Amino acid sequence: MNLPMAEKILRWIENYPGAVILAALVVRGGFLLTNGLDLIGDEAYYWDWSRRPDWCYYSKPPMVAWLIGLSTWLLGDFTAAVRMPALVLGAAFLWFFYATARAFYGARGGALALLLVLATPINVLANFLMTIDPPLYCFWIMAIYYLRRALFDGQARAWLWAGCASAAALLSKQAALALPAMLLAFLLTDSQRRHLLKKEFPLYLLPILIAAVPILWWNQQHDWVMFGHSRSHFGNPEPVPLTKHLQWARDFLLYQVLLVSPGIFALLLLSSLRTAFNFGKLGAEQRFLLLMGPALLLGVLLLSFLQKAQGNWPMPFYFTGLILLAGERWAGYWHRSFKYALAFGFLMVATTYALPILLQAFNLQNTALDPTKRFKSWRELAVDVHFERLISVPQVEDTFLLALGHRYLASELAFYLPDHPRAYRFETSGEVSSQYEVWPGPLEYFGKNGFIIAEQTAESVPAELVGAFERFRFLAEIANPDRPGAKYYLYLGENLKYWPDPIKRRADKESYVASDN
């Protein structure tokens, strides 16, 4: 009897899941090493964090910096080395994702779930770009895996492992606080397991609380800056018209469709709504899967109508939703639509991997239709800046870099300049808006030279910055590769006399005004 091709594929995945994950690792590794795309701004920013290891940073906990720091310590300060942790974490994620789905729905459910997650474009990006997301996703699914073993297999030690995975997720991103919160919601709504709140749930919480201590301590030492940054993402500072709310929701939904693929997103959303409306009739395992992901996803979708929501916020909430969807398909739901959703998802994934080749083949590189433009300009800018530096100061090793502009300007140049200079920002608003304002200024460079790069012409450079150097002079105009017609301006500040810290000056001014009143 001849089996349909889809059935043969599923049986092969059931028998050789490790081979599928290894093949995905090889494809991703080849793409990582050959695509030629520069670091995006956040990657370079987190790399600069990694040069100053700490317990927390301006906007995020420290895991991303720790992992990049370990990788570059082993491999060097190269683009591929910065991204290598994403590759390793992605392989671990796939294994735990498959193992979790198999634990809930058997080998066939595990195979279906593995196909689903491999057919989502976000799984390509999360195994290529080294941001806060790869560690969050990996540790999140590890936590789900061990919680499943603890809750439904009765494995006592799994509670501690689940707690450690959740703690690592918390060290990756604040969103991991949803794990203990939703676990608590599940235990409160499950009468058969409510007794686990007395002993097992506190054991699970212990590693999370331990991980939270250094984060809280660091924030206490830095005016709770991470909490202030997180709070700024929620709410609207002023009334917003209905059209703006609808625009936010439209953009957010479009982001989800592009990252998850249209068919899979539609099926997952329908599956989540169906199970949510039948919550009281669900078995305990289905209720757990719903609460640990799809319920949160539905909440963020609602939030996107009320305020601007970042497109990557709900990504970890998809994981148990995909497992739930695979279980429903195994139970006989979504038969025909599942096939088409998978096929289109894999087409989007293949297009994502082939994008650099397609852009070159159709001569679309660096055009308005090139989505990889922002990956390519920084190395080119660094070459031009370094050339001007060498002309003015042949020995640049003992100089620093100061950016007047976005944090990406400082971090990308620090990475792509061959000597990886120490980078700083001069935030003219006097507000703390990045990690560069949390760190002290170039105090160790008193008496030394600094290169200042800005989008301002000489007359617009703050007078207090110019006066901080014994001599301040214009060096060159440099084209902005990312914006044709725009310019950067490079200056040399010689013999730094003092640091005119704009953050401290603003604080002193506010203190003076308050005392005067």
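What counts, and at which threshold
- Residues numbered from 1 in each chain as written.
- Predicted model: local features only at pLDDT ≥ 70, side-chain atom pairs only at ≥ 80, totals over all residues.
- Heavy atoms only, no water.
- Pairing = 2+ DSSP bridges.
- Helix = DSSP H or I, 4+ residues; strand = E, 2+ residues; numbered from the N terminus.
- Axes fitted to C-alpha atoms, helices over the stretch in contact; angles between N-to-C directions.
- Contact = heavy atoms within 4.5 Å.
- Parallel < 35°, antiparallel > 145°, perpendicular 65-115°, else oblique.
- Left-handed = near helix turned anticlockwise from the far one by under 90°.
- Buried < 20%, exposed > 50% of the residue type's maximum accessible area, 1.4 Å probe, protein only.
- Polar contact = N/O pair within 3.5 Å; in protein donor to acceptor, adjacent residues only side chain to side chain.
- Phe/Tyr/Trp six-rings, centres within 6.5 Å; stacked < 30°, edge-to-face > 60°.
- Lys NZ or Arg CZ within 6 Å of the ring centre and 35° of its normal.

## Considering the sheet that holds strand E5 (residues 487-496)
For step 1, the next point in the chain: Pairing in this open sheet of five strands is mixed, and the strands run E2-E1-E3-E5-E4 from one edge to the other. A strand with exactly one partner marks an edge of an open sheet, and here the two such strands are strand E2 (423-425) and strand E4 (469-479). Here the average twist between neighbouring strands, direction ignored, is 25°.
For step 2, the next point in the chain: Bridge analysis of strand E1 (residues 400-404) against strand E3 (residues 450-454) gives five bridges, and the strand direction is parallel. Counted as the bridge partner of Leu 401 is Phe 451 from E3.
For step 3, the next point in the chain: Against the sheet, helix H18 (residues 377-392) makes contact with E3, E4 and E5, and its axis sits at roughly 135° relative to E4, the strand it touches most.

## Points about the packing of helix H12 (residues 242-260) against helix H13 (residues 262-277)
Packed helices, taken two at a time, are described by the angle their axes make and the gap between the axes.
For step 1, the next point in the chain: Interhelical geometry of H12 versus H13 gives an angle of 115° and a closest axis separation of 6 Å. Here H13 runs roughly perpendicular to H12, going by the angle between their axes. Considering how the two elements wind past one another, H12 and H13 form a crossing that is right-handed. Judged by residue contacts, Leu 253, Gln 256, Val 257 and Val 260 of H12 engage Pro 262, Ile 264 and Phe 265 from H13.

## Brief notes about the side chain of Thr 399
For step 1, the next point in the chain: Structurally, the position occupied by Thr 399 is in the loop between H18 and E1.
For step 2, the next point in the chain: Taking the relative accessible area as the measure of exposure, Thr 399 reaches 4% and is therefore buried.
For step 3, the next point in the chain: Among the polar contacts listed, one links the side chain of Thr 399 to the backbone oxygen of Val 396, at a separation of 2.6 Å.
For step 4, the next point in the chain: The residues contacting Thr 399, other than those within four sequence positions of it, are Arg 389, Pro 421, Tyr 445, Asn 449 and Phe 451.

## Considerations on the packing of aromatic side chains
For step 1, the next point in the chain: Here the structure, examined in full by the defined rule, presents 39 aromatic pairs.
For step 2, the next point in the chain: Plain terms: the ring middles of Trp 140 and Phe 317 are 5.7 Å apart, the flat faces sit at 55° to each other, and that makes the pair tilted. Highlighted residues: Trp 140 in helix H7 (residues 133-152) and Phe 317 in the loop between helix H15 (294-306) and helix H16 (318-330), separated in sequence by 177 residues. For the pair shown, Trp 140 and Phe 317 are each scored as buried.
For step 3, the next point in the chain: An aromatic cluster is built from Phe 400, Tyr 424, Tyr 445, Phe 469, Phe 472, Phe 474 and Tyr 491, whose rings are joined through pairwise contacts.
For step 4, the next point in the chain: Here Arg 52 stacks its cationic end above the ring of Trp 439, 4.1 Å away from the centre of that ring.
For step 5, the next point in the chain: Taking the ring centre of Tyr 333 as reference, the NZ or CZ of Arg 274 above it sits at 4.3 Å.

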